[in-house]
Amino acid sequence: MPIIAPSLLSANFLQLDKACEMLNNSEAEWFHLDVMDGRFVPNISFGIPVVSAIRKATKKICDVHLMIEEPQNFAEAFQQAGADILTVHVEACTHLHRNLQQIKSLGMKAGIAINPHTPLDAIKEVIAEADLVCIMSVNPGFGGQKFIASTLSKIEKLKNIITQSNAKTLIEVDGGVTLENANAIVKAGADVLVAGNTVFNSSDPAGAIKLLKNIH
Ligand code: DX5
Ligand code: ZN
């Protein structure tokens, strides 16, 4: 059974309390929080105060996905805000190994996110240092985009790399996950499914989470 990480990006921002309440009572284990800076990605979402407010509204795992330049400058602030997992983009990190060490030394789990065009070779050498790899299955910046089909073979390749290196790294898949493609994504090797649109634009968000959860 996959871990489900609904993305708050697709929630109604005027009613985040209701979104948190729904998630708290759902089968989702993680809250996926997408932070964007308008530089690394062509969009701006929310930042530290919102993460901090959500932290207070849940006991579930806060999975913070940083789509920002120079994430090392903000790791401590996100730790203070209550992030349990901090994921940085390989494309935004000149010294990725150091960035992962920094995140772990602050007591958080460290994740690497990788864009659709970036080959897995870019992260192979540091796989064992990462608690999580977030494979982007859309170009980051917006919710509600279409899943890029070639991601499936990328997940399989990553799964092999992780198994061969005897690592415990989780594979998270982010972008365009639906009730229709979730099965294939899990079969390819995903451990964690991020879902924004599929959860929050459903007439029954908790029901959609349940359906995703029961995929195997
Ligand atoms: C995209 C974000 C995703 C997004 C997923 O840049 O990283 O987490 O919220 O949304 P859906 O599931 O709607 O593609
Ligand atoms: Zn994300």
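Placed above this text is the structure.
Please read all numbers here as calculations on a predicted model, not as lab measurements.

### Describing the overall build of the protein chain
Next, step 1: Looking only at helices and strands, the protein chain has nine helices and eight strands in total.
Next, step 2: In terms of overall size, the protein chain behaves like a compact globule, its C-alpha atoms giving a radius of gyration of 16 Å where 216 residues would be expected to give roughly 17 Å.
Next, step 3: Its C-alpha atoms give the protein chain principal-axis dimensions of roughly 40 × 35 × 30 Å.
Next, step 4: Out of the 216 residues in the protein chain, the part that is buried amounts to 53%.
Next, step 5: Partitioning the intrachain contacts of the protein chain with sequence separation of at least 6 by distance along the chain shows that 65% fall at a separation of at least 24.
Next, step 6: Element-wise, carbon and sulfur atoms account for 52% of the exposed surface of the protein chain, whose accessible area totals about 9900 Å².
Next, step 7: Charge centroids of the protein chain, computed over 18 positive and 22 negative side chains, lie 4 Å from each other.

### Some thoughts on unusual backbone geometry
Next, step 1: One non-glycine residue with positive phi stands out, namely Glu70, at about 45 degrees.
Next, step 2: Position of Glu70 among the secondary structure elements: in the loop between β3 (61-67) and α3 (75-81).
Next, step 3: Using a relative accessible area of 42% as the deciding quantity, one classes Glu70 as partly exposed.
Next, step 4: We note that Asn166 has phi near 55 degrees; this positive angle belongs to a residue other than glycine.
Next, step 5: Mapped onto the elements of the fold, Asn166 is located in the loop between α6 (151-164) and β7 (170-174).

### Section: the sheet that holds strand β4 (residues 85-89)
Next, step 1: Judged by pairing direction, the sheet is parallel, and its eight strands sit side by side in the order β1-β8-β7-β6-β5-β4-β3-β2 without closing on themselves. Edge strands, defined here as strands with exactly one partner in the open sheet, are β1 (3-6) and β2 (30-36). On average, each strand axis in the sheet is tilted by 25 degrees relative to the strand beside it, whichever way the strands run.
Next, step 2: Bridge count for strand β5 (residues 109-114) against strand β6 (residues 132-136) is four bridges, and the pairing is parallel. Looking at the pairing, Ala113 lines up with Cys134 of β6.
Next, step 3: Against the sheet, α6 contacts β5, β6 and β7, and its axis sits at roughly 165 degrees relative to β6.

### Remarks on the environment of Ile215
Next, step 1: One can find Ile215 in the segment after α9 (205-213).
Next, step 2: The residues contacting Ile215, other than those within four sequence positions of it, are Met1, Pro2, Ala182, Asn183 and Val186.

### A short note on α6
Next, step 1: Over its 14 residues, α6 extends 20 Å from the first C-alpha to the last, a length consistent with the 20 Å expected when each residue adds 1.5 Å.
Next, step 2: When we look at burial in α6, the residues that qualify are Thr151, Lys154, Ile155, Leu158, Ile161 and Ile162. Down the axis of α6, the sector holding all buried residues measures 125 degrees, keeping them to one side. For α6, exposure combined with an orientation more than 90 degrees from the buried face picks out Lys157, Thr163 and Gln164.
Next, step 3: On its buried face, α6 is in contact with β5, α5 (121-124), β6, β7 and α7 (182-188).
Next, step 4: Of the residues one or two after α6, Asn166 is the one with positive phi, at around 55 degrees.

Thresholds applied
- Residues numbered from 1 in each chain as written.
- Chains lettered and ligands numbered in written order.
- Predicted model: local features only at pLDDT ≥ 70, side-chain atom pairs only at ≥ 80, totals over all residues.
- Heavy atoms only, no water.
- Helix = DSSP H or I, 4+ residues; strand = E, 2+ residues; numbered from the N terminus.
- Rg over C-alpha atoms; globule rule 2.2 N^0.38 Å.
- Buried < 20%, exposed > 50% of the residue type's maximum accessible area, 1.4 Å probe, protein only.
- Contact = heavy atoms within 4.5 Å.
- Areas by Shrake-Rupley, 256 points an atom, 1.4 Å probe, with all protein chains shown as cover.
- Lys, Arg positive; Asp, Glu negative; His and termini not counted.
- Charge placed at Lys NZ, Arg CZ, Asp CG, Glu CD.
- Pairing = 2+ DSSP bridges.
- Axes fitted to C-alpha atoms, helices over the stretch in contact; angles between N-to-C directions.
- Expected span 1.5 Å × (residues − 1).
- Arc of directions from axis to C-beta.

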